[in-house]
Amino acid sequence: MQKKIKKLFLGKSSEGSQPRYNPLRRRILNIQSIWDNEHQNDNGIEKIVRLLLSSSQLLFPGVYIKYLASKKGVEYQDLALDSYVLLKVLFPLLIIINGWHGHQWIIWILVYVFLETVFYIPTLIFASDLFSKPRSYKRSMLLLFFNYLEIAFAYAVFYSSGNYLNKPFYHWFDAVYFSIVTSSSIGYGDFYPITTVGKFLVTTQALLFLFFIVLFLNFFSTKVKTKGYFDQDNLE
C-alpha cells in the first residue's frame, strides 16, 4: 500500500538524482545571466524590470521550499511545490468560510503569499533565462489553473474585508462569485464598487487577469522556443 501511494504522488523515482543546479542556485544564476546579457541583449527599463522580477522570488518562501525538497530528489521537489500551491489556494478559502478576514495579521499573510504569485507569473515570462524545460507542460498548465484560483480567492477575501461594494455579502460564496465575475469582465451589476478602494481592487484584478490569461496562457500554449525557460538545450 505504501509503495502504491508513493507511486501515485512521486511517480517514477529518480533514485535521489540531483539536477546540475538546485532551485536556489538556479535563481541566482538566472539573475546573473540577466545582468550579464547572456541570453538577451536587453537594457534600460527592460533589463531593470527583468532583474526586479527575477530577484523578487528570493523574497518569498517558494524557492526555499523547492530548494529543501530538491535534496531528496526532483520528484520530491515537484510534490513540495504542488503541496505549497494547493495550500495557497485553500488559505483564502479558509479565511472566507471561517470569517477570518477581520483579523489584520491574517490579511497581511495572505497579501504576502498573494504577491509571490503575482510576481511569479511575469517572472516566468520575462525573466526566465537559465531555466530548464519543465518535466511536464501539462503539469505546468495545471499549476497555472491553481494559480488562477488562488488569485481569484484572494481577491474575494479583499472584497470581504471592508465595505467597498454597494451592498454586503450575505454568504461567503458571494465574494467568490463577485471575484470570478470581475476577473471574467462580465459585470452583472448585482454587486459593484462604490469606494475608491473597491474600484482600485476591481481595476487591478481586471488588469491582472488580462495580463495573466492573454500573456501567460499564450506563452505556454505556443511553447515559445527561446533561450530561456523552454530552451531544449538547457535540460538539467
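The sections below set out a description of the structure shown in this document. (Residues numbered from 1 in each chain as written. Predicted model: local features only at pLDDT ≥ 70, side-chain atom pairs only at ≥ 80, totals over all residues. Heavy atoms only, no water.)

Quick look at unusual backbone geometry now. Backbone geometry places Ser-185, a non-glycine residue, at a positive phi of 60°. Position of Ser-185 among the secondary structure elements: in the loop between helix 8 (172–183) and helix 9 (196–222). (Helix = DSSP H or I, 4+ residues; strand = E, 2+ residues; numbered from the N terminus.)

Moving on, we get to the packing of aromatic side chains. Following the criterion strictly, the structure yields 15 aromatic pairs and no others. Here Tyr-177 and Phe-191 contribute two aromatic rings whose centre-to-centre distance is 6.5 Å and whose plane-to-plane angle is 65°, an arrangement assigned as edge-to-face. Taken as a pair, Tyr-177 in helix 8 and Phe-191 in the loop between helix 8 and helix 9 lie far apart in primary sequence, 14 residues in all. Tyr-177 sits in the partly exposed class, given a relative accessible area of 24%. Connected via pairs of aromatic rings, a cluster forms that spans Phe-114, Tyr-155, Phe-158, Tyr-159, Phe-169, Tyr-177, Phe-178, Tyr-188 and Phe-191. Over the face of the ring belonging to Tyr-76 we find Lys-72, whose NZ or CZ atom lies 4.5 Å from the ring centre. Just above the ring of Phe-191 sits the side chain of Lys-167; from NZ or CZ to the centre is 5.0 Å. (Phe/Tyr/Trp six-rings, centres within 6.5 Å; stacked < 30°, edge-to-face > 60°. Buried < 20%, exposed > 50% of the residue type's maximum accessible area, 1.4 Å probe, protein only. Lys NZ or Arg CZ within 6 Å of the ring centre and 35° of its normal.)

Turning our attention to the layout of surface pockets. Quantified by volume, the second largest pocket comes out at close to 270 Å³. Together, 14 residues line the second largest pocket, and Phe-114, Tyr-155, Phe-158, Phe-200 and Leu-201 are the ones closest to its centre. Put simply, the parts of the chain that give the lining of the second largest pocket at least two residues each are helix 6 (104–126), helix 7 (137–160) and helix 9. Residues of the lining of the second largest pocket, tallied by class, amount to 12 nonpolar, two polar and no charged. (1 Å grid on protein atoms, 1.4 Å probe; cavity = no way out; pocket = protein on both sides within 12 Å on 5 of 7 lines; lining within 4 Å. Points joined across faces, edges and corners; volume = space filled by probe spheres on them. Nonpolar A, V, L, I, M, F, W, Y, C, P; charged D, E, K, R; others polar.)

The interhelical angle for the contact between helix 3 (residues 44–56) and helix 6, taken along N-to-C directions, is 125°, at an axis separation of 9 Å. As far as their axial angle goes, helix 6 and helix 3 are oblique. Between helix 3 and helix 6 the crossing geometry is left-handed. Residues Arg-50, Leu-53, Ser-54 and Ser-56 of helix 3 form the contact with helix 6, whose participating residues are Phe-119, Pro-122, Thr-123 and Phe-126. Of the residues that constitute the contact of helix 3 with helix 6, the class distribution is four nonpolar, three polar and one charged. (Axes fitted to C-alpha atoms, helices over the stretch in contact; angles between N-to-C directions. Parallel < 35°, antiparallel > 145°, perpendicular 65-115°, else oblique. Left-handed = near helix turned anticlockwise from the far one by under 90°. Contact = heavy atoms within 4.5 Å.)

For the rest of this paragraph, the subject is the nonpolar core. Within soluble globular proteins, side chains that are nonpolar tend to cluster in buried spots. Formed by 37 residues in total, the largest nonpolar core has its most connected members in Phe-114, Ile-151 and Tyr-155. Mapped by element, the contributors of at least two residues to this core are helix 5 (74–98), helix 6, helix 7, helix 8 and helix 9. At 12 residues, the largest contribution of residues to this core is made by helix 7. Among residues more than four places away in sequence, those in contact with Ile-151 are Phe-114, Thr-117, Ile-121, Leu-208, Phe-209 and Phe-212. Ile-31, Ile-34, Leu-51 and Leu-53 belong to the second largest nonpolar core, which has five residues in total. (Core = buried A, V, L, I, M, F, W, Y, C linked by side-chain atoms within 4.5 Å.)

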